[in-house]
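Structural features, examined
The residues making up each chain are set out below.
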Amino acid sequence: MAALAEEQTEVAVKLEPEGPPTLLPPQAGDGAGEGSGGTTNNGPNGGGGNVAASSSTGGDGGTPKPTVAVSAAAPAGAAPVPAAAPDAGAPHDRQTLLAVLQFLRQSKLREAEEALRREAGLLEEAVAGSGAPGEVDSAGAEVTSALLSRVTASAPGPAAPDPPGTGASGATVVSGSASGPAAPGKVGSVAVEDQPDVSAVLSAYNQQGDPTMYEEYYSGLKHFIECSLDCHRAELSQLFYPLFVHMYLELVYNQHENEAKSFFEKFHGDQECYYQDDLRVLSSLTKKEHMKGNETMLDFRTSKFVLRISRDSYQLLKRHLQEKQNNQIWNIVQEHLYIDIFDGMPRSKQQIDAMVGSLAGEAKREANKSKVFFGLLKEPEIEVPLDDEDEEGENEEGKPKKKKPKKDSIGSKSKKQDPNAPPQNRIPLPELKDSDKLDKIMNMKETTKRVRLGPDCLPSICFYTFLNAYQGLTAVDVTDDSSLIAGGFADSTVRVWSVTPKKLRSVKQASEDGTVRLWSLQTFTCLVGYKGHNYPVWDTQFSPYGYYFVSGGHDRVARLWATDHYQPLRIFAGHLADVNCTRFHPNSNYVATGSADRTVRLWDVLNGNCVRIFTGHKGPIHSLTFSPNGRFLATGATDGRVLLWDIGHGLMVGELKGHTDTVCSLRFSRDGEILASGSMDNTVRLWDAIKAFEDLETDDFTTATGHINLPENSQELLLGTYMTKSTPVVHLHFTRRNLVLAAGAYSPQ
Amino acid sequence: MESGKTASPKSMPKDAQMMAQILKDMGITEYEPRVINQMLEFAFRYVTTILDDAKIYSSHAKKATVDADDVRLAIQCRADQSFTSPPPRDFLLDIARQRNQTPLPLIKPYSGPRLPPDRYCLTAPNY
């Protein structure tokens, strides 16, 4: 009792000064410490909330109080504690109690407040139990203290550009207390934006009975948006989908099953067509318990959906929502949406459609602002004994490169350090062994015989069909010198075929049992199993310089390994759904990952940060490839489009439409002139990459606001379509002489 | 194999019809006909396991009948055992942050095939 009272008085004391609000680790019990620690690491979600807390200045009315201890419940709730679900009546009483306390505090009736608190303290302590995390009652305790601190805390500070909202989290807090085993994310999400006032608590009180009003709110907003000016309508329509999903999830979470169902029935048809898959998943989530196992939906609920809206449209929206009496939608907007405002012309529907589609909305502008070293590393100088041309033999030292290696070092226009290239020793790379040097020499010799491709000189395509695979072929890879083809099958075997008689090397295999295996082709045995993902691994790739490899899997992270470490060196976490595809940048300093949450992220190997987020695909991404000069990235997804991205600026620069089914393989030619794409619609298409990347006008305006104007030139860029005989094209490879090898498994209909 | 040519609805038992409807609702249009049987078997096994567990829990709590709470508890316990889901996002971000703080280790030159210590490899003889 004493301890609890002390905590409360501590809260009271801290509230007085308008000093710099701090996070409250010591406050609500041990759980809180890890909790707030935990949420500070929460990336944009928790980070946004905490920023709000720390930036609070004497805002509206009450003294500024630090927030966040609510997250106390987060780690404690982590263990699925069937919380001592107190009777439904108790939370209401507590709520009113806290509201009254709040009112007394605001009216400066200190003694009355203390008296009430002392008396009520008994009630709270009875529920609080021992307060140690992990015990059955502790969930109740933390929730109580969560409620207390939530009510007493205020975050008048803006969360990013939004001005503070009101009582949004009321409903969710009530649900947090009323519902037993709250998943950590839920109560954590409450902390994000909290509101203090009595009115908030009372409105929360009201909200519980208000699920029937959700349909009205949504219809009201819909009506408003449809009646707004054309130029604003496209931007404001972006709100529909996230609002719809969040309102539905809130109804489900608060266990208003019937209202949720009717809400869904009424409005799911209005959403954009590319969200249909998500809506189908949503329609199967009708109860709160269903949500628990679905990590993707939990993440969606706790992370903020990012929208990019121009300032004018935003003002319009804000004015409309705030003038209404019951601004529930405004609360929800405040809580679940992050509106990235930009100054400028509102975007057209077409521009918006190109960029939206991912599970978390678009990317914030500052997510794509950090510097990326997309240049290539300098090729090491190698002695090339050339018998036929002897004048080259002496140019080992210093800058001037030979003509032949110059063809290899694509992208370095000057012989000096490319400003866009990373320093040579930014990440440790293995030295070249003698055998590697010999390989490089062979490489260079072959390069001289390379065919220059172009629109008038298309490559020949050699297709390897796997017969009798009965849809068991899961992956194919071809060695760089095109001598071996390896096929992975659903019966857990890997078979290697040699195309020409040549030396064998090691190969890697990702598998559904969660391990990545390194095989030696010399002994045909598995050398190491790298355990780390506990869930299926969908893709792996060796770095261009060997030694490192990256793997991505169902657990939504990609991991960077080195062959001589049994644990991953880097963990790239941030995606909301499985990582389907992982690729190294040619300079080995960055890793691109494509995921089922429809975003592509670029990660820095040095420190594991996500330096770019690319949104725009409307389906899970299945293929990625970097251009040989390192500046561009091409991605393909189940929506059949191939999107081209400029890594340096972080913008979409092209869209190639043509495929009718998932694009499951992409590859640039060796010099970057042609992009080949293979798809499940049994075709290989060749696109003119040079033309797609020329005339890029990325002026400051574009990069500042992110407006893109994609030319509709897919038809001109398409150089050829090659049909296979009902064989989806699983893998593409350009040989060193620019011959295309493609592979797939024959699947008769 | 041909895409799902199910038997005509009239001749299918009701359970199978329901399963086909579920598949349709989830957007799965092409499937082999045996999938329905497999799903039904799975559903039967799962439900009986849960109900058995629920009976045990309710008798442990000295209740006369099995009620919803028992079933809920049974589902929860089974879910933790068999259908584990990947760790939550904040946990992943946390461990990622920890792991990414250590700098990349330098590479020793000339060390032959670069493999982890022998304990972690599968290269030991197994006889």
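Along each chain, residues carry numbers from 1 onward, in the same order as the chain's sequence is written. Naming scheme: in the order in which they are written, chains are lettered from A and ligands are numbered from 1. Thresholds applied to this predicted model are a pLDDT of at least 70 for local features of residues and 80 or more for the giving and counting of side-chain atom pairs; totals over whole chains, interfaces and linings are not thresholded and use all residues. The side-chain figures draw on all heavy atoms in the structure; neither hydrogens nor water molecules are used.

**Comments concerning the packing of helix H13 (residues 240-253) of chain A against helix H17 (residues 295-302) of chain A**
Each pair of packed helices gets described by two things: the angle between the helix axes and the distance between those axes. Residues and elements named next belong to chain A. Angles here are taken between N-to-C directions and fall from 0 to 180 degrees, while the axes themselves are lines fitted to C-alpha atoms, restricted in helices to the stretch in contact. Under the scheme used here, helices are H or I runs from DSSP no shorter than 4 residues and strands are E runs no shorter than 2 residues, and both carry numbers assigned from the N terminus. At their nearest, the axes of H13 and H17 sit 11 Å apart, and the two run at 110 degrees to each other. Comparing their axes, H17 and H13 come out roughly perpendicular. Every pair of crossing elements has a handedness; the one defined by H13 and H17 is left-handed. Where H13 approaches H17, its residues Val245, His246, Leu249, Glu250 and Tyr253 are matched on the opposing element by Met297, Phe300 and Arg301. Only Asp, Glu, Lys and Arg are considered charged in this grouping, and only Ala, Val, Leu, Ile, Met, Phe, Trp, Tyr, Cys and Pro are considered nonpolar; every other residue, Gly among them, is considered polar. When its residues are assigned to classes, the contact of H13 with H17 shows five nonpolar, one polar and two charged. Any angle that is under 35 degrees is reported as roughly parallel, and any over 145 degrees as roughly antiparallel; angles of 65 to 115 degrees are reported as roughly perpendicular and all others as oblique. If you view the pair so one helix is near and one far, a crossing is left-handed when the near helix is turned anticlockwise from the far one by less than a right angle, and right-handed when it is turned clockwise. By the convention used here, residues are in contact when the closest approach between their heavy atoms is within 4.5 Å.

**Re the interface of chain A and chain B**
Listed by partner, the interface residues are 53 residues for chain A and 38 residues for chain B. Definition used for salt bridges: Asp or Glu carboxyl oxygen within 4 Å of a side-chain nitrogen of Lys or Arg. Remark: the boundary between chain A and chain B carries zero salt bridges. Here a polar contact is taken to be a pair of N or O atoms separated by no more than 3.5 Å, where protein atoms must pair a possible hydrogen donor with a possible acceptor and residues adjacent in sequence count only if both atoms sit in side chains. Across the contact surface, chain A and chain B share six residue pairs in polar contact (both at pLDDT 80 or more). The element contributing the most residues to the side of chain A that touches chain B is strand E9 (residues 525-531) of chain A, with five residues.

**Focus: H13(A)**
Given 3.6 residues per helical turn, the α-helix brings residues three or four places apart onto the same face. Residues and elements named next belong to chain A. A helix's residues, less one, multiplied by 1.5 Å, set its expected span. The terminal C-alpha atoms of H13 lie 20 Å apart, and with 14 residues this matches the ideal 20 Å at 1.5 Å per residue to within 8%. Taken across its 14 residues, H13 has 14 buried, putting it largely inside the fold. Directly beyond the C-terminal end of H13, a positive phi value near 65 degrees is found at Gln255. To sort residues, take the accessible area from a 1.4 Å probe on protein chains only and compare it with the maximum for the residue type: under 20% means buried, over 50% means exposed, and anything in between is partly exposed.

**What to know about the nonpolar core**
The tendency in soluble globular proteins is for nonpolar side chains to be buried as a group. All names here are of chain A. Nonpolar cores were defined as sets of buried Ala, Val, Leu, Ile, Met, Phe, Trp, Tyr and Cys residues, with membership established by side-chain atoms within 4.5 Å. Grouped together as the largest cluster of nonpolar side chains are 49 residues, with contacts concentrated most on Leu249, Phe263 and Leu282. In terms of residue count, H13 provides more of this core than any other element does, 11 residues in total. Discounting chain neighbours no more than four positions away, the residues touching Leu249 are Leu282, Leu285, Met291, Met297, Phe300 and Arg301. Grouped together as the second largest cluster of nonpolar side chains are 22 residues, Phe374, Ala592, Val600 and Ile647 included.

**A look at the sheet that holds strand E5 (residues 484-489) of chain A**
Residue and element names in this part refer to chain A. One open sheet holds the three strands; their spatial order is E4-E5-E6, and the pairing between them is antiparallel. Both edges of this open sheet fall to strand E4 (473-478) and strand E6 (494-498), since each of them pairs with a single strand only. With direction set aside, neighbouring strand axes in the sheet form an average angle of 20 degrees. In short, DSSP must find at least two bridges between two strands for them to pair.

**A few points about the side chain of Arg556(A)**
Tracing the sequence through the fold places Arg556(A) in the loop between strand E11 (548-553) and strand E12 (557-562). In this structure Arg556(A) comes out as buried when scored by relative accessible area, which is 2%.

**Examining the packing of H13(A) against helix H19 (residues 328-336) of chain A**
Residues and elements named next belong to chain A. Where H13 meets H19, the axes come as close as 11 Å, and the angle between the chain directions of the two elements is 100 degrees. The orientation of H13 relative to H19 falls into the category roughly perpendicular. Side by side, H13 and H19 meet where Leu243, His246, Met247 and Glu250 of the first sit next to Ile329, Ile332, Val333 and His336 of the second. Of the residues assigned to the contact of H13 with H19, the class counts are five nonpolar, two polar and one charged.

**Side note on the environment of Gln334(A)**
Along the polypeptide, Gln334(A) turns up in helix H19. For Gln334(A) and Lys304(A), which are 30 residues apart along the polypeptide, the C-alpha to C-alpha distance reads 9.6 Å.

**Looking at the confidence of the model for chain B**
Residues and elements named next belong to chain B. As a per-residue measure, pLDDT reflects the predictor's confidence and takes values from 0 up to 100. Put simply, chain B has an average pLDDT of 84, and 92% of its residues get 70 or more. Helix H3 (residues 68-81) is the least confidently modelled element of chain B, averaging 88 in pLDDT, while helix H2 (residues 34-60) averages 93, the highest of any element. Within the model, pLDDT remains below 50 along residues 1-6, and this stretch shows eight contacts once partners closer than five positions in the same chain are excluded.

**Details of unusual backbone geometry**
Glycine aside, residues mostly have negative phi angles, and peptide bonds mostly take the trans form. Residues and elements named next belong to chain A. One non-glycine residue, Gln255, lies in positive phi territory at about 65 degrees. As for its position among the elements, Gln255 is in the loop between H13 and helix H14 (257-267). In this model, Ser726 sits at a positive phi of 45 degrees, which is unusual for a non-glycine residue. Within the element layout of this structure, Ser726 appears in the loop between strand E25 (718-723) and strand E26 (731-734).

**Observations regarding a nonpolar patch on the surface**
A grouping of Met18(B), Ile22(B), Met26(B) and Ile28(B) is seen on the molecular surface, where their side chains present a nonpolar patch of about 360 Å² in accessible area. Following the sequence through the fold, Ile28(B) ends up in the loop between helix H1 (14-25) and H2. A residue counts toward a patch only above 30% relative accessible area and without a salt bridge, and it is joined to like-charged neighbours within 9 Å or, for Val, Leu, Ile, Met, Phe, Trp and Tyr, to nonpolar neighbours within 5 Å. Throughout, the Shrake-Rupley method with a 1.4 Å probe supplies accessible areas, and for residues the shown protein chains are the sole cover considered.

**Some details on the sheet that holds strand E23 (residues 674-679) of chain A**
Residue and element names in this part refer to chain A. Pairing is antiparallel across the open sheet formed by four strands, whose spatial order is E22-E23-E24-E25. Every other strand in the sheet has two partners, leaving strand E22 (663-668) and E25 as the edge strands with one partner each. Here the strands of the sheet are splayed against their neighbours by 15 degrees on average, with no regard to which way each runs. Where E22 lies against E23, five bridges are found, and the strand directions are antiparallel. Along E23, the bridge assignment pairs Arg667 with Ala676.

**A look at the pattern of salt bridges**
The final tally for this structure, using the stated rule, is 29 salt bridges over all chains. Ionic pairing is found between Arg308(A) and Asp340(A), a salt bridge with its closest N-O pair at 4.0 Å. Note that Arg308(A) is positioned in strand E1 (residues 305-310) and Asp340(A) in strand E2 (residues 337-342), a separation of 32 residues in sequence. Judged by relative accessible area, which is 4%, Arg308(A) ranks as buried. Here Asp94(B) and Arg97(B) are joined by a salt bridge, their closest N and O atoms 3.1 Å apart.

**A closer look at the side chain of Ser627(A)**
All names here are of chain A. Examined against the element boundaries, Ser627 turns out to sit in the loop between strand E18 (621-626) and strand E19 (632-637). Side-chain polar atoms of Ser627 contact the side chain of Asn629, separated by 2.5 Å. Once residues within four sequence positions are removed from consideration, Ser627 is found in contact with Pro586, Phe632 and Phe668.

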